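Fold and geometry: a report
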Amino acid sequence: MTSLSPTLLSKAITRTFRPTLGLSFALFALPTFAEDNVNSDQLDTITVTASALKVETPLAETPRSVSVIDQDQLSIQQPTKLDEALRYQPGVMTQPYGSDNDTDWFKIRGFDAATYLDGNRLYNVGYYTWTLEPFGLEQIEVLKGPSAILYGEAPPGGVVNAVSKRPGYTEGGLVQLQVGNNNQQQIGVDVTSFVDDDGDVRFRLVGMMSERDGMLDDTDTNRVYLAPSLAWDISPDTSLTFLVSYKQDDGVPTNPFKPAYGTLIDTPEGKLDPSTNLGEPGYDKNENTQLSIAYEFEHHFNDVWQFKQNTRYAHTDLLLRSTYAFGSETSSDLARGIVYRDGTTDSYSMDNQAIANWSTARTENTFLFGVDLQRYSNDSMEADDWGTGFGGTTGNINSFNPVYGNYQPIDDRATPVDITKGQAGFYAQQQVKLDQKWIVKVGGRYDIVRLENESGSAKEDIHNTNFALSGGLMYVSDFGLTPYISYDESFEVIASIDPTTGNAYKPLEGQQTEAGFKYEPSFINGYFNLAWFDITQKNGLVTTQSVATQSGELTSQGVELDATFYVTDALLARANYTYTDAKTDMSAGTDPIRTPLIPRNMASTWLEYDFSHLGLDSFIVGAGARYMGSSVGHTSDGAGTLNVPSVTLFDAMARYDITPKWRAQVNVNNLTNKEYVASCDYYCYYGEEMTTTATLNYRW
């Protein structure tokens, strides 16, 4: 019998699904199999109602890989950044550029991913990045692979959707104190209260102040965060929730760029200290203010139809001065550059959803139709100084003996940049469950995107349309095994012109085929997931004689294994393994090479032991290990290859409820303080050093 390779299988599935989907109407769903609210009594099928999923669906009944980090896991891990919260998720590479104090970095299945808050897009364009405060979140969802069906234009890695804390139906509060190494100090407050006697109107206030030194010498971040929210049950069929958040960061940015010389490559001078600052701590600055105002409206017309509307306005105000060093494989004398950004961004988004649920003698049906609108604008003064070697004014620096002050400020050399992007999307999905065994989902989405980019005297006006398809098939067996297969697409708009053709770049188009199974065995309290994926991004940018033109493909194939189960009633285990074969075209007419930064092999495991059965009530100890396999990077001139060795890191925590109101906890990440290079591209990046955090909570 002739074997069928993964690539051939992917193409065969694509040819099978696409014509069928073209006859359907529909969109999205992506319910999940999640790591959600595990307890020692049972691991039930859970229904996730977070905004990213749009339709309530049991976790085990969606033909797609999705991971969920719930409030219990966030409490156990105590992350200080979004990317830290994703460390133990299959298929996700976190912090490839080390510990950056002003940006969250992660890649999913070898590609970038979009970030959402309560189902609304958070734009990260250039240096204007929106960062989330984990203390203000109650859940994080990771939707893997192309997701145009969900929200339109986005990278093929998928979507990370954060769910804000909002008023519940129990009054109470929390005061949290934290201290840690790197002069970490933090105080947080989280209070929920009823406005009326019946609890139909509820208010919640989440606030936090913190300060912490960065991994590099003379870098730091001071943060103020405030997030009030109000929920109003207007009637048994109608609810309205208002969500506001304000965050201000002020500090000196951590530039993780390091040369291979002294980090990955041994030198006569020895190893470069990971804390060495190759920027200008007296000049560099990061002031970032974020404001978000949103509401969520829901109304049930009858037992069949309901309507949802989510709307958000988001504003950022950024002043960034950031000095960085260029790479080298042979010298400690490094050229440097400066980035300057001073501007604002404003984004508006509205998602309207009509949902119908009905049943027949043999089927359960869910129909979703939606219209979403998005608008993003960036008004900025920008300047880049490429250093004396490239016609700039920024002087060199010696990486082993840095002397600061050899630069010229570029604030008065900035030029205006004005970017506006608008998107309108129309989507629909039909989901059918037949005889409680077969689940079929088919969907489609049509998007209209317009982008205007004005920089100095240059102006670009780009119009794009895109039609994306999605589909999945799943079989629910009697013994807990649910095999599935699915197909999804993505597209992403590039804000520039192809110099080879003189025309606007076509959108980057992604396709994913995924197959696997989800298993909830009867003989053990837990679940197991296996997923094989094949992602191709068409119209990829390749370089021909230093000009980026559109002719290549980026690919990523791999396997994910994920398990959560109780070894005993007291011992919870989480384990996962990911194999990713990511390849990219570096120039036209050449064979694809391994994508930089992305390891082929990643694995992690986390164990939690509850000592309650030994008489130590509410005493939990946890320990984890994270393995990142070897990866590759490019030499600074682009002509050679760097090989980054694998690394294994260990984490630990302990938590004890002193009384029903007082809780103490200690978290240690990178327990052995392992010094390692996280990854390289044209630069190299040290991984995060050991961090220790002690937390004291008072609840009422």
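The shown structure was predicted, so the numbers you read here are calculated from the model rather than taken from an experiment.

Bringing the overall build of the protein chain into the picture now. Summing up its helical and strand segments, the protein chain has four helices and 38 strands in all. Within the span of the protein chain, comprising 700 residues, buried residues form 57% of the whole. Contacts in the protein chain between residues far apart in sequence, at least 24 positions, make up 68% of those at least 6 positions apart. A total of about 28,400 Å² of accessible surface is found on the protein chain, and carbon and sulfur atoms cover 55% of it.

Bringing the pairing of strand E38 (residues 691–699) into the picture now. In this structure, strand E10 (residues 172–180) lies alongside E38, joined through seven bridges in antiparallel fashion. Residue pairing for E38: Val175 is matched across the bridge by Tyr698. Judged from the eight bridges that link them, strand E35 (residues 662–669) and E38 form a sheet pairing that is antiparallel. From the neighbouring strand, Asn669 faces E38, where its bridge partner is Thr691.

Below, the discussion takes up the state of the cysteines. Note on terminology: disulfide describes a covalent bond linking the sulfur atoms of two cysteines. The tally for this structure, following the rule as stated, stands at one disulfide. Disulfide pairing places Cys680 opposite Cys684 at an S-S distance of 2.2 Å. On the S-S bond that ties Cys680 to Cys684, the torsion sits near 105°, and the link is right-handed. Just as Cys680 is buried, Cys684 falls in that class too.

Taken as a whole, this structure holds 39 salt bridges when the rule is applied. With a closest N to O distance of 2.8 Å, Glu61 and Lys433 form a salt bridge. Here Glu61, found in the loop between strand E2 (57–58) and strand E3 (66–69), pairs with Lys433, found in strand E21 (residues 415–434); they are 372 residues apart in sequence, far enough to count as distant. Ionic pairing is found between Arg87 and Glu688, a salt bridge with its closest N-O pair at 2.5 Å. Residue Arg87 is found in the loop between helix H3 (82–85) and strand E4 (92–94), and its partner Glu688 is found in the loop between strand E37 (684–686) and E38; the two are separated by 601 residues along the sequence. Classification of Arg87 by relative accessible area gives buried; the value is 10%. Since its relative accessible area comes to 9%, Glu688 is described here as buried.

A general feature of soluble globular proteins is that nonpolar side chains tend to end up buried together. Formed by 19 residues in total, the largest nonpolar core has its most connected members in Leu86, Phe106, Leu132, Ile140 and Val160. Among the secondary structure elements, those contributing two or more residues to this core are H3, strand E5 (106–108), strand E8 (137–144) and strand E9 (158–164). With three residues, the single largest contributor to this core is E8. When residues no more than four places from it in sequence are discounted, the contact partners of Val160 are Leu82, Leu86, Phe106, Ile108, Ala114, Thr115, Tyr116, Ile140, Glu141 and Val142. Ranked by size, the runner-up nonpolar core spans 16 residues in total, among them Met93, Tyr97, Tyr324 and Tyr683.

Moving on: the pairing of strand E12 (residues 201–213). Inspection of the sheet shows strand E11 (residues 184–194) paired to E12 by 10 bridges, in the antiparallel sense. Bridging across to E12, Asp190 finds its partner in Val206. Once E11 ends, the chain turns through six residues before running back antiparallel as E12, passing Gly199 with a positive phi of about 80°. Looking at chain direction, E12 and strand E13 (residues 220–235) are connected through 13 bridges and run antiparallel. In the strand pairing of E13, Ser210 is matched with Arg223.

All right, on to the environment of Ala458 then. Along the chain, the position of Ala458 falls in strand E23 (residues 458–475). C-alpha of Ala458 to C-alpha of Val417: the two residues are 41 residues apart in sequence and 9.6 Å apart in space.

The next subject is the sheet that holds E3. Here five strands make up an open sheet; going across it, the order is E3-E8-E9-E6-E7 and the pairing mixed. Lying at the two open borders of the sheet, with one neighbouring strand each, are E3 and strand E7 (120–122). Strand after strand, the sheet turns through a mean of 25° between neighbouring axes, direction not considered. Bridge count between E3 and E8: four bridges; the pairing is antiparallel. Opposite Ile69, over in E8, you have Ile140 as the bridge partner.

You will see that Asp118, though not glycine, has its phi angle at about 55°, which is positive. Mapping Asp118 onto the fold places it in the loop between strand E6 (114–117) and E7. Residue classification places Asp118 among the buried positions, given a relative accessible area of 0%. Look at Leu597: it is not a glycine, yet its phi comes out positive at around 80°. Its relative accessible area of 5% is what places Leu597 among the buried residues.

Let us look at the packing of aromatic side chains. Tallying each qualifying case throughout the model produces 17 aromatic pairs. Residues Phe257 and Tyr324 carry aromatic rings whose centres are separated by 5.9 Å and whose planes lie at 55° to one another, so their mutual orientation is tilted. Remark: Tyr324 occurs in strand E16 (residues 305–325) and Phe257 occurs in the loop between strand E14 (238–252) and strand E15 (285–300); sequence separation between them is 67 residues. The structure contains a cluster of three or more aromatic residues connected by ring pairs, namely Tyr97, Trp105, Phe257, Tyr324, Phe326, Tyr683 and Tyr685. Directly above the ring of Tyr123 sits Arg121, whose terminal nitrogen or CZ lies 4.9 Å from the centroid. Lying over the aromatic face of Tyr169, Arg202 brings its terminal NZ or CZ to 3.9 Å of the ring centre.

On the surface, Glu211, Asp213, Asp217, Asp218, Asp273 and Glu675 cluster together into a negatively charged patch. Owing to a relative accessible area of 43%, Asp273 belongs among the partly exposed residues under this scheme.

On to the environment of Arg202. Positionally, Arg202 belongs in strand E12. Along the primary structure Arg202 and Ala231 are separated by 29 residues, whereas in three dimensions their C-alpha atoms are 5.2 Å apart. Apart from residues no more than four positions distant in its own chain, Arg202 is found in contact with Pro167, Gly168, Tyr169, Ser193, Phe194, Val195, Ser229, Leu230, Ala231 and Asp233. In this structure the side chain of Arg202 is engaged in a polar contact, spanning 3.0 Å, whose partner is the backbone oxygen of Gly168. Engagement of the side chain of Arg202 in a polar contact is seen with the backbone oxygen of Gly199, the distance being 2.9 Å.

All right, on to the side chain of Thr695 then. By the element assignment, Thr695 lies in strand E38. On the basis of relative accessibility, which here comes to 4%, the residue Thr695 falls in the buried class. Of note is the side chain of Thr695, whose polar atom sits 3.0 Å from the side chain of Gln178.

Here the protein chain averages 88 in pLDDT, and 89% of its residues register 70 or above. A low-confidence stretch, residues 1–50 (pLDDT under 50), is modelled with 159 contacts involving residues beyond four sequence positions or located in other chains.

Cut-offs used in this document
Positions within a chain are numbered from 1, following the residues in the order the chain's sequence is written. Residue-level local features of this predicted model are given only where pLDDT is at least 70; pairs of side-chain atoms are given and counted only at 80 or more, and the full residue set underlies all totals for whole chains, interfaces and linings. With hydrogens and water stripped out, all remaining heavy atoms of the structure feed into the side-chain values. Strands are runs of DSSP state E lasting at least 2 residues, helices are runs of H or I lasting at least 4, and numbering of each runs from the N terminus. Three labels apply to residues, based on accessible area from a 1.4 Å probe with only protein chains included: buried if under 20% of the type maximum, exposed if over 50%, partly exposed otherwise in between. Note on contacts: a residue pair is in contact if any heavy atoms of the two residues lie within 4.5 Å. Note on areas: Shrake-Rupley with a 1.4 Å probe; residue coverage comes only from the protein chains shown. Any two strands are treated as partners once DSSP identifies two or more bridges connecting them. Cysteine sulfurs are considered disulfide-paired once they come within 2.5 Å of each other. For this analysis, a salt bridge means a side-chain nitrogen from Lys or Arg found within 4 Å of a carboxyl oxygen belonging to Asp or Glu. In this description, a nonpolar core means a group of buried Ala, Val, Leu, Ile, Met, Phe, Trp, Tyr and Cys residues linked to one another through side-chain atoms lying within 4.5 Å. Only the contacting stretch of a helix is used when fitting its axis, a line to C-alpha atoms as for every element, and angles between N-to-C directions run 0 to 180 degrees. Here is the rule: rings of Phe, Tyr and Trp (six-membered ring for Trp) pair when centre to centre is within 6.5 Å. Planes less than 30 degrees apart are stacked, more than 60 are edge-to-face, and the remainder are tilted. Counted as over-ring charges are cases with an Arg CZ or a Lys NZ within 6 Å of the ring centre that also lie within 35 degrees of the ring normal. Patch membership needs two things, relative accessible area over 30% and no salt bridge, and members are linked within 9 Å if like-charged or within 5 Å if nonpolar (Val, Leu, Ile, Met, Phe, Trp, Tyr). Only four residue types enter the tally: Lys and Arg on the positive side, Asp and Glu on the negative side, with His and both chain ends excluded. For this purpose, a charge sits on NZ of Lys, CZ of Arg, CG of Asp or CD of Glu. Within 3.5 Å is the distance limit for a polar contact, defined as a pair of N or O atoms, with the added protein rule that one can donate a hydrogen and the other accept it, and that residues adjacent in sequence qualify only through two side-chain atoms. Note on scores: pLDDT gives the predictor's confidence for each residue, bounded by 0 and 100.

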